[in-house]
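Commentary on secondary and tertiary structure
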Amino acid sequence: MSTVRLAAVSAEFGRDLEEDFAVAERLIKEARADGAQLLALPEACLGGYLLSLDGGGSCDADGRGSDPGPPPLAPDGPEIRRLAALAEDMTVIAGYCETDGTSRYNSVVCVSGDGVLGNHRKVHQPLSEDADYASGDGFAAFDTPVGRIGMLICYDKAFPEAARELALDGAEIGVCVSAWPAARTNPAPDLTEDRWKRRFDLFDRARALENQMVWLSANQSGTFGSLRFVGSAKVVDPGGELLAGTGVEAGIAAAELDVAEALETARRSMGHLRDRRPDAYPALSANTGAALSATTGAALSATTGAAAR
């Protein structure tokens, strides 16, 4: 059985695309020197994220709209080809603002020196992100030199169905790239005690454990606009155990394991995918949004804002 060295990044990225590529190149070289075969960079690492999640995310602090927002890149354009060239023999995952010529998407791409291996458009949009991005509409795993991968972006991982869809599509490695900030209200002076950081870490370990898959989590660090990011890049094994992490600082979390053996060991006795009972979960196969009663729907709407805080 062969082992794979997996790495996830916590780093700061901004609006200047050339500076972002310089940071990405440095991190790729550092990970390669450490023997990494798979490297996950954060959400929006090519061109930066939004300045705010309070609406008008592309405005400056005074709301004058001087920030043009993330540069829209084509998945087959020169910037993604440049990333692939940097990857060489590695598999590299990076977040960017994708355009199809008419709409913009918050996307993540997986590349190697051979080109694009996979692409995902963020499906679940928090707060006012939909003011800047259109939404994706699905989840699919794909094959790479390091194994079958499924990708999510940030808020996607708060929905168990998203990671489960990837696991059922054969994903051995789940990769979630994020620009996950600290709490927007009553922020903790010590970022390690921030409640949104705790949620970030819980989601990572839960998604790995419930699907018994290897999990990589990359995140932005530092600040951008009104946002302060929690860092906390990590590698999690199929039992939900943390193999490596950066904490709230910038850095690379790396770990080596035999993915196939790790999955087989985790799933041998209690196979969460094998032991499912889909017939007992009829609501999951229905349009549950439409099935909500008016009372339940109103209650959910009323509590959404409080839950987000």
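Because the structure is a prediction, the values reported are computed rather than measured.

1. Quick notes on the pattern of salt bridges
Scanning all chains against the criterion turns up 23 salt bridges. Residue Asp34 is joined to Arg5 by a salt bridge in which the shortest nitrogen-to-oxygen separation is 3.0 Å. Of the two residues, Asp34 sits in the loop between helix 1 (17–33) and strand 2 (38–40) while Arg5 sits in strand 1 (residues 4–11), which places them 29 residues apart along the sequence. Classification of Asp34 by relative accessible area gives partly exposed; the value is 42%. Assessed through its relative accessible area of 18%, Arg5 is described here as buried. Between Asp169 and Arg148 there is a salt bridge, with its nearest N and O atoms 3.6 Å apart. Placement of the pair is Asp169 in the loop between helix 3 (160–168) and strand 9 (173–178) and Arg148 in strand 8 (residues 147–153), with a sequence separation of 21 residues. According to the relative accessible area criterion, Asp169 is partly exposed, its value standing at 32%.

2. Describing the packing of helix 3 against helix 4 (residues 195–211)
One can describe the packing of helix 3 onto helix 4 by two numbers: an axis separation of 10 Å at closest approach and a directional angle of 40 degrees. Overall, the two elements helix 3 and helix 4 adopt an arrangement that is oblique. In the crossing of helix 3 with helix 4, the sense of the turn from one axis to the other is right-handed. Facing Pro160, Ala163, Arg164 and Ala167 of helix 3, the residues of helix 4 in contact are Arg207, Glu210 and Asn211. Of the residues in the contact of helix 3 with helix 4, the class split is three nonpolar, one polar and three charged.

Analysis parameters
Residues numbered from 1 in each chain as written. Predicted model: local features only at pLDDT ≥ 70, side-chain atom pairs only at ≥ 80, totals over all residues. Heavy atoms only, no water. Salt bridge = Lys/Arg side-chain N within 4 Å of Asp/Glu carboxyl O. Helix = DSSP H or I, 4+ residues; strand = E, 2+ residues; numbered from the N terminus. Buried < 20%, exposed > 50% of the residue type's maximum accessible area, 1.4 Å probe, protein only. Axes fitted to C-alpha atoms, helices over the stretch in contact; angles between N-to-C directions. Parallel < 35°, antiparallel > 145°, perpendicular 65-115°, else oblique. Left-handed = near helix turned anticlockwise from the far one by under 90°. Contact = heavy atoms within 4.5 Å. Nonpolar A, V, L, I, M, F, W, Y, C, P; charged D, E, K, R; others polar.

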